[in-house]
Structures are given as structure tokens and as C-alpha cells.
Amino acid sequence: MNATAGVAEKLPQRISDVLEFRLKQASQQMNTEFTRAKSPDSDVVRALMNARRRYALMKRFVSIPAFPEQVRRTMSEVLHAYVKDTQAALEESAKHDRTGHLRMLIKNNSLMGYEQVETIVEPAPPAFISSPAPAGTNSRRRRVIL
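Throughout this description, residue numbers start from 1 for each chain and increase along the sequence as written. Totals for whole chains, interfaces and linings use every residue, but because this is a predicted model, local features are given only for residues with pLDDT of at least 70 and side-chain atom pairs only at 80 or more, for both listing and counting. Think of the side-chain values as coming from all heavy atoms in the structure, minus any hydrogens and water.

Caption draft 1: Summary view of the overall build of the protein chain. Counting from the N terminus, the helices are the DSSP runs of H or I reaching at least four residues and the strands are the DSSP runs of E reaching at least two. Along its length, the protein chain carries four helices and zero strands. Going from N to C terminus, the protein chain has its helices and strands arranged as α-α-α-α. In the protein chain, which comprises 146 residues, the proportion classed as buried is 25%. The buried label applies to any residue whose accessible area, calculated with a 1.4 Å probe on protein chains only, is under 20% of its type's maximum; exposed applies above 50%, and partly exposed to all values in between.

Here it is, written out as C-alpha cells:
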């Protein structure tokens, strides 16, 4: 990617700002999902999986081939360190659970697996789908004959 001096200086800062914003947003969403958890098993696991999916999307963002190699490497390291610290904080807070069940859930559904998550971006379904009935089928639609 050929860039002018002004763009080359602003690009890493802008990428860093976007990544920082997304990390804070993912953390807030995960905390919200934890506070709304009604069943300790499925809701906690769902919150962890959602966070892992968000981190995987961020990994895709910082790995865009158009970014300079040093920027990609640095942002990937920042993301990895953040996820590692978040996982450690979750495990530390789960130590106070006497049953050990919460700690087991957090450890077995580690956020560190974000690099193996395949993020599937599906296109939005069309607003209106109209397909004619195949010939020979008994359609319950009203026919208008002019």
C-alpha cells in the first residue's frame, strides 16, 4: 500500500483508536450479558462465546492484508494481551466460587480460543422474496386472469 506521509502517520493511530473502542465495547457487552445471566450454565457460556466471537472479528480487522506488517503485528499483540488479561481476570474472580463450577465454565470456554473461531458473515436476507410456484403444484395463491 503506497501512502503519503500524512496518511501513513494517521493510519496506525486510527486503527488503534478503533481497536480500543471495540475492546471497550466488547467488555461492556460481556459485563451486561453476565449481569443478565439467569441460568448460571448456559447464559455464562453464551456470554463467553459471544465475547470470543467479537474478539475473532477484531482479529480479522487487525489482520487485514492492506495494513502495514508492523501495524498488523502490533495490533494483534495488543488484542492478544487484552484477551489474555480479561481471561485471567475472569478466572481470578471465579476463584471465589466455592463450588468451582463457575471457574470450570470459564476455563473450559476460554476467551483465548478467539483465534480458532470462524466468523461467518452472512448477507442480509432480501426484504421481500417472491418466487412463482413451480408448474404442476397446487398453489393456494389466488390467480388473477385478465
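Caption draft 2: View of the pattern of salt bridges. Whenever Lys or Arg places a side-chain nitrogen within 4 Å of a carboxyl oxygen from Asp or Glu, that contact is recorded as a salt bridge. Per the counting criterion, the structure on display carries five salt bridges. Taking the shortest distance from any N to any O, the salt bridge between Arg54 and Glu33 comes out at 3.0 Å. Taken as a pair, Arg54 in helix H2 (residues 42-62) and Glu33 in helix H1 (residues 5-35) lie far apart in primary sequence, 21 residues in all. When its relative accessible area of 22% is taken as the criterion, Glu33 is described as partly exposed. With a shortest N-O distance of 3.0 Å, Asp43 and Arg46 are connected by a salt bridge.

Caption draft 3: A look at the packing of H2 against helix H3 (residues 69-94). Note on definitions: angles span 0 to 180 degrees between N-to-C directions of axes, and those axes are lines fitted to C-alpha atoms, for helices only across the stretch in contact. With their axes 9 Å apart at the nearest point, H2 and H3 run at an angle of 165° to one another. The orientation of H2 relative to H3 falls into the category roughly antiparallel. By crossing handedness, the relation of H2 to H3 is classed as right-handed. Each of Leu48, Tyr55, Met58, Lys59 and Val62 in H2 lies in contact with H3, whose residues at this interface are Arg72, Met75, Ser76, Leu79, Tyr82, Val83, Thr86 and Leu90. Here the contact of H2 with H3 is composed, by residue class, of nine nonpolar, two polar and two charged. Any angle from 65 to 115 degrees is called roughly perpendicular, while one under 35 is roughly parallel, one over 145 is roughly antiparallel, and all others are oblique. Here a crossing is called left-handed whenever its near helix is offset anticlockwise from the far helix by less than a right angle, and right-handed whenever the offset is clockwise. Two residues form a contact once any of their heavy atoms are found within 4.5 Å. Throughout, the ten residues Ala, Val, Leu, Ile, Met, Phe, Trp, Tyr, Cys and Pro are labelled nonpolar, Asp, Glu, Lys and Arg are labelled charged, and all others, Gly among them, are labelled polar.

Don't take any of this as a statement about function, it's just geometry.
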